Amino acid sequence: MRSTKTIHVISAHAEGEVGDVIVGGVLPPPGETVWEQSRWIAQDQTLRNFVLNEPRGGVFRHVNLLVPPKHPEAQAAWIIMEPEDTPPMSGSNSICVATVLLDSGLVPMQEPETNLVLEAPGGLVRARAECRNGKAERIHVQNVPSFAADLDRTLEVEGIGSLQVDTAYGGDSFVIVDAEALGFALKEDEAHDIARLGVRITNAANDQIGFAHPENPDWAHVSFCLFAGALTEGAGGLEAGAAVAIQPGKVDRSPTGTALSARMAVLHSRGQMAIGDRLTARSIIGSTFTGTILGETNVGPRPAIRPEIAGRGWITGIHQHMLDPSDPWPEGYRLSDTWGAR
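Calculation notes
- Residues numbered from 1 in each chain as written.
- Predicted model: local features only at pLDDT ≥ 70, side-chain atom pairs only at ≥ 80, totals over all residues.
- Heavy atoms only, no water.
- Phe/Tyr/Trp six-rings, centres within 6.5 Å; stacked < 30°, edge-to-face > 60°.
- Helix = DSSP H or I, 4+ residues; strand = E, 2+ residues; numbered from the N terminus.
- Buried < 20%, exposed > 50% of the residue type's maximum accessible area, 1.4 Å probe, protein only.
- 1 Å grid on protein atoms, 1.4 Å probe; cavity = no way out; pocket = protein on both sides within 12 Å on 5 of 7 lines; lining within 4 Å.
- Points joined across faces, edges and corners; volume = space filled by probe spheres on them.
- Nonpolar A, V, L, I, M, F, W, Y, C, P; charged D, E, K, R; others polar.

Asker: Explain the packing of aromatic side chains to me, using residue names and the numbers behind them.
Answerer: Evaluated as defined, the whole model comprises seven aromatic pairs. Both rings, one in Phe 147 and one in Phe 211, keep their centres 6.2 Å apart while their planes meet at 10°; by these two values the pair is stacked. One end of the pair, Phe 147, is in strand 9 (residues 147-148); the other, Phe 211, is in the loop between helix 4 (191-208) and strand 13 (224-228), with 64 residues separating them in the sequence. By the burial criterion, Phe 147 is buried, and Phe 211 matches it. An aromatic cluster is built from Phe 147, Tyr 169 and Phe 211, whose rings are joined through pairwise contacts.

Asker: Talk me through the layout of surface pockets; I want residue IDs and the actual numbers.
Answerer: Approximately 360 Å³ is the volume attributed to the largest pocket. Together, 21 residues line the largest pocket, and Gly 122, Gly 123, Leu 124, Val 144 and Pro 145 are the ones closest to its centre. When residues of the lining of the largest pocket are assigned to their parent elements, the largest contribution, four residues, is made by strand 7 (residues 123-132). By residue class, the composition of the lining of the largest pocket is eleven nonpolar, seven polar and three charged. By volume, the second largest pocket is sized at about 310 Å³.

Asker: Please set out unusual backbone geometry residue by residue, giving values where relevant.
Answerer: In the segment running from Glu 54 into Pro 55, the intervening peptide bond is cis, with an omega of 10°. Along the chain, the position of Pro 55 falls in the loop between helix 2 (46-52) and strand 4 (63-67). Cis rather than trans, the peptide bond between Gln 247 and Pro 248 has omega equal to 5°. With respect to the secondary-structure elements, Pro 248 resides in the loop between strand 15 (237-246) and strand 16 (250-251). Its identity is not glycine, yet Gln 45 carries a phi of approximately 75°, on the positive side. Looking at the element boundaries, Gln 45 is found in the loop between helix 1 (34-44) and helix 2. A positive phi is found at Asn 133, a non-glycine position, where the angle reads about 55°. Turning to its location among the elements, Asn 133 is positioned in the loop between strand 7 and strand 8 (135-142).

Pasting the structure below:
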């Protein structure tokens, strides 16, 4: 086999959402901080195209690049590459990265519990892994500070009319809508409709409301739409369904850790959750993340929470992505049947 490029990947998923991890074959990008490195990846596009575009990738795939940490406390750092964004943080991807680091032996595992300090583009995150028989069984991630932005805003969506929405940040930026009010039970057979409508709502939110992170001027857009299910009381606290529409038009298979953090921030701002309270989010495939409010803080002038999310991850394979020098599509391709109209 001949190849001008060979990238070594350990594939994984967290509660159903794919989060592959590049462990070799790519040099760290330039940048004084992990955020600057992620901006270089986002602007250059070469690596993103190679691993996310078909035939190696697809709209369902997220890929994480391990890089040496910049912060002295961190054991590892990573850059998140999603279909359309290179975001500050991702809950499912952080669980995939922690699982790969521990289950593959890149970071020594201590049973029954291993503590990790990881550096995301959006800041340090501390992870605690429940470990047994050589497997990281459950990962608890202290996410970046999360906050409510605009509450009870009216949004006009073509074909739908007026919606009452919230916007919030949980390591990524969300517009949050009431799933039941839009006629969704958050079941598997609704995925296509949720994905398409969610993109329209996200685009409308960017046009009419916008988003501004008070400490990171580079992050100035709404990324995703969270279809939030009704809250119910369970044995361990609040429970709710959740479906997140991801650009360019897919539904997160996991409950989305950043969305869970964002929703807890909104509920906290309304007095519906307090420090120590828990919210378990259930995805459209039935997987769950559990969120806990650990404390209160501020992000710039905005009141914020310190959220923890917890879920499970599994390794699914080991791959070597290669590039034959005669391949006429060296950076792959995207078609509108799965990637949406472009």
